[in-house]
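A structural walkthrough
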Amino acid sequence: MKSIQVEPAGTLRGKIIPPGDKSISHRAAFLGALSSEGISVSNYSTGADCASTLLCLEQVGYGVFREGDRVTVNKGGDPSKTAGILDAGNSGTTARLLCGFLAGIPGRFSVITGDESLQKRPMARVVSPLRTMGARIDGCEGGSYLPLSIRGTRLAGGAFTLTVASAQVKTALILAGLNAQGSVSVVEPLQTRDHTEIMLDHLGVPVRCEAGAVTVYPCSDLPGGSWRVPGDFSSAAFWIVAATIVEGSELVLEGVGANPTRTGLLSHLQKMGANLEWGPQNLAGGEKQADLKVQSTSLKPVVVGEKDIPAMVDELPVLAVAATQATGVSRIEGARELRFKETDRIRAMTEGLKRLGAKIVERDDGWEIEGPVRLHGGTVDGCGDHRIAMALSIAALVADGPVTVEGSGCVEISYPSFYEDLKTVTACGAAS
C-alpha cells in the first residue's frame, strides 16, 4: 500500500492550477453521449473517477475521443456494441449517472459494478425513483447495492421529491428524463450543485428551475458545444485551508470554479476570519470561474448546520483540519451523509486527527473540535479515500514533525498531481 511522508511547512507560496472540475467533467461526458454533434471540453478532469465515466461510455458504444486535456464525447461509435460489465471503479457519480442514462435506452442490457468500496455505497436512492419511471433494474438486496443489471426500456416521466439532497440522484433522473416519454421534475429538500442544469441551459436545452424543483423535457438529440472546464473547487479547497492555517503563506489558485452551490466552504472560512479575495469572474460553459488569492490568518471557531452541508459536503474533511487551528470550539452537524462516501469520513477524520493530537469528538452527524492545537507527527490512514488522504496531508503541514499518510495513492481518484503541487508550493515558500 503506497504511503507518503509529509513534512511540516514553513510557508506556502506560489500559484496552483487545480485540475478540471470532476463533477462538471462527468456531466459533460454524459450529455455529450446524447448529442450527435458532441460536446468537447478542455481541462477535463485528470482523475481516475472521470476516466471511469469515459471508459464506461466507450464500452457502451458511444464516441469518446481524447487529445491532451481535451475530451470529446458524442453519439457516434458503435451503437450495436455489447456493453458487457461496466466497471465504475471507485466512482459513485459514474455508477449513479449510468443508472439514469442507461435505464431509458430500449433494448440495451448492462451490468454496472465497481470496486469493493463502491459496492458498499447506497444505490436504492437512485434505483427507487427510476423504477417508478418504469426502469428495469435488479441487483444486490433488491437493487440497494452494486452490481446492478439494467434492461433499458421506454421510460415514463414523473415528479419526484428526493428524501436525500443528492446532485447525483438529481442528475440521474434528469438524464433519464431526457430519454423519457414525458417531463421529469425533481424536488430537492436542499439545493445541491446545479452543474447539470447550467450545462443544459448553456446548450439551449429547455430546463425549468423554480420553487426548489428542476424540470426537464424529452430531447432526443442534444445540441453540441465546446468550452473549458473550470478548476475543481473541491480540489482547490485543500490549498485554501493550507494557505489559511500555515503562517506567512500566500497562494493564488487560478481558474477556479466559482459556482455558489459549490463554494459553501468559503463563506464559513470567511466567518472564521479567513483572508480570501476573488479576481474578476468569467464564464465557461455557463459556469463562473476566477482566480482566488488566499493569505494566512488566525481563525475563530465555526458552526456548520444541516442546511449548509450540500454546498460544502466534499470540503468538510479539510474544514475539520481548519477547525483544529481555530481558537475555540467548532461544531459541524447535519453531515451524516459523510458516513456513506468512499469511507466513513466522519470516523476516518476523527481517528486521523486524534492520532495527530487534535481535540476532536465524533458525533453521529459530524464533529466537535476544539482548537488551536499544535498537531504532532505520526502515521495516519488515508482509508482509501482521496479526500481523507489529502485532508490529513494538509494537517501535516502544521504538525511539529513529519506525518506518514498510508494509502496516499488514492489521490489519483480526483487529483493525481496533488503531491507534486504540494512540493511546488512548499519549495517556493522555503525559497522566499
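Our structure is the block above this text.
Residues numbered from 1 in each chain as written. Predicted model: local features only at pLDDT ≥ 70, side-chain atom pairs only at ≥ 80, totals over all residues. Heavy atoms only, no water.

1. Concerning the sheet that holds strand S13 (residues 213-216)
What counts, and what does not: Pairing between strands is defined by DSSP: at least two bridges between them are needed. Strands are runs of DSSP state E lasting at least 2 residues, helices are runs of H or I lasting at least 4, and numbering of each runs from the N terminus. Note on geometry: axes are lines fitted to C-alpha atoms, helical ones only across the stretch in contact, with angles between N-to-C directions running from 0 to 180 degrees. By the convention used here, residues are in contact when the closest approach between their heavy atoms is within 4.5 Å.
Within the open sheet, the four strands sit side by side as S10-S11-S13-S12. Their pairing is mixed. Each edge of the open sheet carries a strand with a single partner, namely strand S10 (158-161) and strand S12 (207-210). Mean inter-strand twist for the sheet, computed between neighbouring axes without regard to direction, equals 15 degrees. Bridging between S12 and S13 involves four bridges; their strand directions are antiparallel. Looking at S13, one finds that Cys209 is bridged to Val214. Strands S10, strand S11 (184-187) and S13 of the sheet are contacted by helix H6 (residues 167-178), whose axis makes an angle of about 25 degrees with S13.

2. Details of the nonpolar core
Threshold: For our purposes a nonpolar core is just a set of buried Ala, Val, Leu, Ile, Met, Phe, Trp, Tyr and Cys residues, chained together by side-chain atoms within 4.5 Å. Here the term buried applies to any residue with accessible area under 20% of the maximum for its type, exposed to any over 50%, and partly exposed to those in between, with areas from a 1.4 Å probe on protein chains only.
Formed by 76 residues in total, the largest nonpolar core has its most connected members in Trp239, Ile240, Leu269, Leu319, Trp367 and Ile394. Top contributing element to this core by residue count: helix H8 (residues 233-245), with ten residues. With residues up to four places along the chain from it excluded, the contact list for Leu269 reads Ile240, Val241, Ala274, Leu276, Leu319 and Ala322. Judged by nonpolar contacts, the second largest core, of 65 residues, contains Cys56, Ala103, Val205 and Val214.

3. Re the pairing of strand S3 (residues 39-42)
Side-chain positions along a regular strand alternate between the two faces of the sheet. Alternating positions in S3 separate into two faces, Ile39 and Val41 on one and Ser40 and Ser42 on the other, with burial throughout. Summarising the sheet, S3 and strand S5 (residues 70-74) pair through three bridges and their orientation is antiparallel. Looking across to S5, one finds that Ser40 is bridged to Thr72. Here S3 runs beside strand S14 (residues 225-228); their pairing, made up of four bridges, is parallel.

4. What about the packing of H8 against helix H9 (residues 264-272)?
Spelled out, the test is: Angles are sorted into four bins: roughly parallel if under 35 degrees, roughly antiparallel if over 145, roughly perpendicular if 65 to 115, and oblique for all others. If you view the pair so one helix is near and one far, a crossing is left-handed when the near helix is turned anticlockwise from the far one by less than a right angle, and right-handed when it is turned clockwise.
At a minimum axis separation of 10 Å, H8 and H9 run at an interaxial angle of 20 degrees. Relative to H9, the element H8 is oriented roughly parallel. The two elements H8 and H9 meet at a crossing, and its hand is left-handed. Mapping the contact onto sequence places Phe233, Ala237, Ile240 and Val241 in H8 and Leu265, Leu266 and Leu269 in H9.

5. What about the sheet that holds strand S22 (residues 366-371)?
On the basis of which strands lie adjacent, the open sheet formed by four strands has the order S19-S20-S22-S21 and mixed pairing. A strand with exactly one partner marks an edge of an open sheet, and here the two such strands are strand S19 (303-304) and strand S21 (359-363). Pairing of S21 with S22, which is carried by five bridges, proceeds in the antiparallel orientation. Residue pairing across strands places Glu362 opposite Trp367, the latter belonging to S22. With respect to the sheet, helix H10 (residues 316-323) is in contact with S19, strand S20 (328-332) and S22, its orientation differing from that of S22 by roughly 25 degrees.

6. Section: helix H12 (residues 386-396)
Defined as follows: Pairing of N or O atoms within 3.5 Å defines a polar contact, subject to two protein rules: one partner must be a possible hydrogen donor and the other a possible acceptor, and residues neighboring in sequence count only if both atoms are side-chain atoms.
Among the eleven residues of H12, eleven are classified as buried, and the element is accordingly described as predominantly covered. The N-terminus of H12 is capped by Asp385, whose side-chain oxygen sits 3.0 Å from the backbone nitrogen of Arg387.

7. Thoughts on unusual backbone geometry
Of note, the amide linkage connecting Leu146 to Pro147 takes the cis form, showing an omega dihedral of 0 degrees. Looking at the element boundaries, Pro147 is found in strand S9 (residues 145-151). Its identity as a non-glycine residue notwithstanding, Glu141 has a phi of 50 degrees, on the positive side. Mapped onto the secondary structure, Glu141 falls in helix H5 (residues 140-143). Classification of Glu141 by relative accessible area gives exposed; the value is 65%. Residues other than glycine seldom take positive phi values, yet Cys383 does so here, at roughly 60 degrees.

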